[in-house]
Amino acid sequence: MSDSIRRVKRVSRPFIVLMYVVCIFFAILSLLPFVIMVINSTRSTYQVQQHALSFLPSKYLLSNLKILTSKDTFHPIRGFVNSLIISSGTTICAVYFSTLTAYALVAYQWKLRNAFFSLVLAVMMIPTQVTSIGFYQMMYRVHMTNNFLPLILPAIASPSMVFFMRQYMIPSLPLEIVESARVDGCHEFRTFNQIVIPMVKPAMATQGIFCFVASWNQLFLPQILLTKKKLYTMPIMVSLLKGDIYKTEYGAVYLGLALTVLPLFIVYFLLSKYIIAGVALGGVKG
Amino acid sequence: MEKRKTFSYAKYGYLFSLPFILAYVIFHLYPTLYTMIIGFTDLKGLGKTSFKFLSDPFLNFKAILTSELFRTALKNTVTIWIINFIPQIIFALLFTAWFTSPRCKLRGQGFFKVVFYMPNIMTAATIAVLFQALFSYPTSPANDLLMKLGLIQAPFNFQVDKLSAKLVVAFIQFWMWYGYTMIILISGVLGINPEIFEAAEIDGCSGAQTFFKITLPCLRTIILYVLITALIGGLTMYDIPRLYLNGGPDNATLTTNVFIYNQAFSGSYLYNRAAAASMIMFILIGISSVFVFRMYREKDLKKTDRRRRHLAAKKEAVNE
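Focus: the overall build of chain B
Logical step 1: Tallying secondary structure elements over chain B gives 13 helices and zero strands in all.
Logical step 2: Reading the secondary structure of chain B in the N-to-C direction produces α-α-α-α-α-α-α-α-α-α-α-α-α.
Logical step 3: Against the compact-globule benchmark of 20 Å for 320 residues, chain B has a radius of gyration of 25 Å, which places it well outside the compact range.
Logical step 4: Considering only C-alpha atoms, chain B reaches an extent of 80 × 75 × 35 Å along its principal axes.
Logical step 5: Counting all 320 residues of chain B, 52% fall into the buried class.
Logical step 6: Long-range contacts, defined here as pairs at least 24 residues apart, represent 67% of the contacts in chain B between residues at least 6 apart.
Logical step 7: Just so you have it, chain B exposes about 15400 Å², and 65% of that area is on carbon and sulfur atoms.

Okay, here's the thing in structure tokens:
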């Protein structure tokens, strides 16, 4: 009896087929541009011009790489290293100091605590791009353009990460442990570094991934601040692919694009589970 | 004893939040105020840092507000955002309904989620240049595909036509963000008390009824969050329009942030105008966030009462 009721409540067969068709269509839509990018990066310019759409890789990967690097503008390795320095620095600053600030909000009773937390909430929504003119002028004045520090140090104040870490700590950080460390004569700062950090590591890792990716993908501020070619990041390198030098080298352009997102592909396919879970968590908390 | 303890440790609260406060004041608050000040001055020209206040302090603001180009940019930004956001939220909700419904039990959900979300994590700059290649003229993968499918006879120049240029930018935004929105909404649905769904099931609610009468109202705050973050992201859209066609053709994809960049870092380096435009955007974003929030709250207040009574009645029915 209950079985028959269940069956009635299931969705009809044609509808299930429709759902799969729509889902598969969107999956193809999401993947297709990247597939074309990878395939075309192995094809010669002539082949791309003849048939821009093909699913068969060709054998011109190395010659494309040669064309790409021969023009002395696009340096994937240099861009990679620069982006890596900036993104790692940003991530370390943001994650460490946000955890420290969140700890200050959770573990201690101080007079301005609630006021400070309200302030963090209020500034969370301010988009940083809108204030970039003042930022540029200020950095220009103190001769900090063409330097990575103005791109890294602002991450020490990451309001949304402080908010996230606070929400994570409140239920999951047992303050008794902090208390007992205190009784054992552990200094507060050491307690934070050696006891608190290992306990909130999962949340720090999640936030770290997003911070790293966001920093890696950033274009606006690096483009304003870094004018020396030696310091160009990956996204700035990408904008060079649009220049006249590569106008007719389709295969090489596709290869250049593929190289800029290769690290992200690797990170994503290794960590996609955690990344998806992290996005979901961000939504619930926000 | 207890009291003294809390008192003596309070200083660590200040000490540990000091780096944040210092960094915020130096790198965020000061530049914000500085941008505001520059908006009232004559600061322009490459490499210049000294400035005088204008005799008419609002000259830059007036110039921006009456500028045809800024208005076009603002109109484009809003148009592109709306064209991208409406399908984005519709498809995100559709997939949310399918993926969370116990009646559908779609297989391969994990795979679909991973794939749908993937474009979001990729560098926007790369995606913009990639789409420029994909939609180029006369031979491009997009033209090839459309011709193979028989949808068009001759190659179409997507990058000269104003409307199609806008549509492609909106499509890229949609394509990059629907997976993100979907995952946020799914996590919202998973956070709803399952008892409510059970009650609906027992009452014989259809799938559509459950979705529209229960899931959607419960998702209000999450949708508000999505709406506000998408709005802020949309109003500061830069990477895609800048690298796809650099605002062209004929300013059809010029967004306000591309406009600000062009004012400040090309031509005659009008930092003051760019700062004024930034402040106008700052205010607009603030107003629209508050507006969305208010609108939502008011609607919410009216409906919550009714919903509460309704749910209470339902629960009672279940308990009986």
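Considering the packing of helix H2 (residues 13–40) of chain A against helix H5 (residues 124–134) of chain B
Logical step 1: One way to put it is that H2(A) packs onto H5(B) with a least axis distance of 11 Å and a crossing angle of 80°. The orientation of H2(A) with respect to H5(B), classified from their angle, is roughly perpendicular. Contact residues: H2(A) offers Pro33(A), Phe34(A), Ile36(A) and Met37(A), while H5(B) offers Ile127(B), Leu130(B), Phe131(B) and Leu134(B).

Some points on the interface of chain B and chain A
Logical step 1: Facing the 98 residues of chain B at the interface are 96 residues of chain A.
Logical step 2: Both faces considered, chain B and chain A share a buried interface measuring about 8900 Å² in area, 76% of it formed by carbon and sulfur atoms.
Logical step 3: One can count zero salt bridges joining chain B with chain A.
Logical step 4: Between the two partners, chain B and chain A, sit 19 residue pairs in polar contact (both at pLDDT 80 or more).
Logical step 5: The element contributing the most residues to the side of chain B that touches chain A is helix H1 (residues 2–38) of chain B, with 23 residues.
Logical step 6: The residue inventory of the side of chain B that touches chain A, partitioned by class, reads 68 nonpolar, 19 polar and 11 charged.

A closer look at the confidence of the model for chain B
Logical step 1: In the predicted model, chain B carries a mean pLDDT of 87, and the fraction of residues at 70 or more is 92%.
Logical step 2: Confidence, expressed as mean pLDDT per element, reaches its minimum in chain B at helix H13 (residues 271–319) of chain B with 79 and its maximum at helix H3 (residues 68–100) of chain B with 94.

Description of the nonpolar core
Logical step 1: Core analysis: the biggest nonpolar cluster contains 189 residues, and Tyr103(A), Phe95(B) and Phe99(B) have the highest contact counts within it.
Logical step 2: For this core, the leading source of residues is helix H7 (residues 162–190) of chain B, giving 16 residues.
Logical step 3: Viewed by domain, this core spans two of them, domain 1 (2–70) and domain 2 (76–240) of chain A, each represented by three or more residues.
Logical step 4: Aside from chain neighbours lying at most four places away, what touches Phe95(B) is Val22(A), Cys23(A), Phe26(A), Phe116(B), Tyr178(B) and Met182(B).

Observations concerning unusual backbone geometry
All names here are of chain B.
Logical step 1: Following Tyr-137, the chain continues to Pro-138 via a peptide bond in cis, the omega torsion being 0°.
Logical step 2: Mapped onto the secondary structure, Pro-138 falls in the loop between H5 and helix H6 (141–148).
Logical step 3: Although it is not a glycine, Asp-250 adopts a positive phi angle of roughly 55°.
Logical step 4: When you line up the elements, Asp-250 lands in the loop between helix H11 (239–245) and helix H12 (256–265).
Logical step 5: Unlike most non-glycine residues, Asn-251 shows phi in positive territory, near 60°.
Logical step 6: Tracing the backbone shows Asn-251 in the loop between H11 and H12.

A short note on H12(B)
Logical step 1: Along H12(B), nine of the 10 residues are buried, which leaves the element largely enclosed by surrounding structure.
Logical step 2: Of the residues trailing H12(B), Gly267(B) is marked for its positive phi of about 60°.

Focus: the pattern of salt bridges
Logical step 1: Throughout the structure, instances matching the rule amount to four salt bridges over all chains.
Logical step 2: Across the pair Arg182(A) and Glu188(A) runs a salt bridge, and its minimum N-O distance is 2.7 Å. Neither Arg182(A) nor Glu188(A) differs from the other in exposure class; each is buried.
Logical step 3: The partner of Asp56(B) in a salt bridge is Lys62(B), with the nearest N and O atoms 3.0 Å apart.
Logical step 4: Residue class for Asp56(B) comes out partly exposed when judged on its relative accessible area of 27%.
Logical step 5: Through salt bridges with shared partners, one network takes in Glu179(A), Arg182(A) and Glu188(A).

Structural notes on the domain arrangement of chain A
Logical step 1: Taken domain by domain, chain A holds domain 1 (2–70) and domain 2 (76–240).
Logical step 2: On a C-alpha basis, the centroid separation for the pair domain 1 of chain A and domain 2 of chain A is 36 Å.

The rules behind each value
Residues numbered from 1 in each chain as written. Chains lettered and ligands numbered in written order. Predicted model: local features only at pLDDT ≥ 70, side-chain atom pairs only at ≥ 80, totals over all residues. Heavy atoms only, no water. Helix = DSSP H or I, 4+ residues; strand = E, 2+ residues; numbered from the N terminus. Rg over C-alpha atoms; globule rule 2.2 N^0.38 Å. Buried < 20%, exposed > 50% of the residue type's maximum accessible area, 1.4 Å probe, protein only. Contact = heavy atoms within 4.5 Å. Areas by Shrake-Rupley, 256 points an atom, 1.4 Å probe, with all protein chains shown as cover. Axes fitted to C-alpha atoms, helices over the stretch in contact; angles between N-to-C directions. Parallel < 35°, antiparallel > 145°, perpendicular 65-115°, else oblique. Buried area = accessible area lost by both parts, 1.4 Å probe. Salt bridge = Lys/Arg side-chain N within 4 Å of Asp/Glu carboxyl O. Polar contact = N/O pair within 3.5 Å; in protein donor to acceptor, adjacent residues only side chain to side chain. Nonpolar A, V, L, I, M, F, W, Y, C, P; charged D, E, K, R; others polar. pLDDT = per-residue confidence, 0-100. Core = buried A, V, L, I, M, F, W, Y, C linked by side-chain atoms within 4.5 Å. Domains from an automatic or database assignment.

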